[in-house]
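Each chain, letter by letter, is given below.
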Amino acid sequence: MCSFHFIGKKSTGGNYLYYPPLRSGYDRRPETEDLCINRFIVDDENKSNIQSGNRIMLDDYEHEDCINYIVIDELHEKFGPAVMHIQEQDVIGIGADVFGQTEQERLCWLQVATKNTVYLFDVLLLGGRAFKNGLSMILENPHMLKVIHDCRCVARCLKAQFGVNLTNVFDTQVADIMLFYNETGGFLPDRVSTLQEVVRLHLKVPIIDLFPLWTKEQQTKEKPEVWYMRPCPPALLKVMAVSVLHLLPLRLVLLDALMSDYTILVDSYMDTCHNKSVSTLHIGKQTGIDLPKEVQELNAVRKERLEWATHCYSVTNDGFLERSSFRPSLHSDPHNTKSACPEPSSDTAWPE
């Protein structure tokens, strides 16, 4: 998953430490909850505009037929099997669509992705009954990992509306920030990354396949009332399904990247011992708790990464790295060898 290039000094064991290439970059109210959809009315003109926009945004999307999703909008038939299937999982992807300002947010849709199916729970129609009948157990299960991109909104809505305490979360946005921090020698970015940016950067997904993610972001910004529309347009259902498709593989790639320095250091431990003869191990001269030279070299690696970051990014007045200022052409390798900088995550050209 990760390629490696040399950065850092040669180890004393005759081996090089290879590091990953640097990248850019409760109060329960079920009775009112069940009726909340009646509090919002989408007029005919607005509804027509939204539906027209939905046709435009996905009519040319080539991969919609391969999306396996199930809409759950009532507690009979599909709801029970869906909950049972989700409860069998160890890891699930979670997405959500809300309407309203922070203090008045309403959870409209909840998406749950397993390895082969995406479930779209219509929270407006299901109301608090859905959480009493299984969703709360899933979301509060400490043994089931939930992968989410920016868990703040969904956690806030679940707690405020239904008293659900979301637990055991892997947040891909946080993971992306930590990876940026590690790979720039300790710098923070000036902003967080959107889901489409993280997917593009770490999974190398083509832009055309990320179009639904861009569409969802635009709908949320420009027509947030769209999540209140019932029946929901098929195009939006596809958009919601696509928004959680990448979460499970994304977690694996991010974990691999976050653990890469650790893995490389362990390998260097092994290589040092394998490449030294017994006579050169200085048995009896070390206490066993001395800090190995391989570990000490992490300071040099951090310094080189910091220098790389200051060459490739502009630093804001607050001391953050400006994602959009990534300049690969200005990269200068510490050892005067050519090394290509990866593409930044913030300069992706999205459709207008």
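Check the entry above for the structure.
Below you will find a few notes about this structure. Everything quoted here is computed from the prediction, not taken from an experiment.

About the cut-offs
- Residues numbered from 1 in each chain as written.
- Predicted model: local features only at pLDDT ≥ 70, side-chain atom pairs only at ≥ 80, totals over all residues.
- Heavy atoms only, no water.
- Helix = DSSP H or I, 4+ residues; strand = E, 2+ residues; numbered from the N terminus.
- Buried < 20%, exposed > 50% of the residue type's maximum accessible area, 1.4 Å probe, protein only.
- Areas by Shrake-Rupley, 256 points an atom, 1.4 Å probe, with all protein chains shown as cover.
- Phe/Tyr/Trp six-rings, centres within 6.5 Å; stacked < 30°, edge-to-face > 60°.
- Lys NZ or Arg CZ within 6 Å of the ring centre and 35° of its normal.
- Arc of directions from axis to C-beta.

**Quick look at the overall build of the chain**
Right, on to step 1. Within the chain, the regular secondary structure consists of 14 helices and 10 strands.
Right, on to step 2. Residue burial in the chain is summarised as follows: out of 352 residues, 47% are buried.
Right, on to step 3. For the chain, the exposed area adds up to about 18,200 Å²; of that, 53% sits on carbon and sulfur atoms.

**Overview of the packing of aromatic side chains**
Right, on to step 1. Here the structure, examined in full by the defined rule, presents nine aromatic pairs.
Right, on to step 2. Ring geometry for Y119 and F121: centres 6.4 Å apart, planes at 40°, overall tilted. Summarising the burial analysis for this pair, Y119 and F121 share the class buried.
Right, on to step 3. One aromatic cluster is present, built from ring pairs that chain together F180, W308, Y313 and F326.
Right, on to step 4. Directly above the ring of F180 sits R323, whose terminal nitrogen or CZ lies 5.0 Å from the centroid.

**A word on helix 6 (residues 152–162)**
Right, on to step 1. Every buried residue belonging to helix 6 is among V154, C157, L158, Q161 and F162, and all of these are buried. For helix 6, the buried positions fall inside an angular range of 100° around the axis, keeping them on one side.

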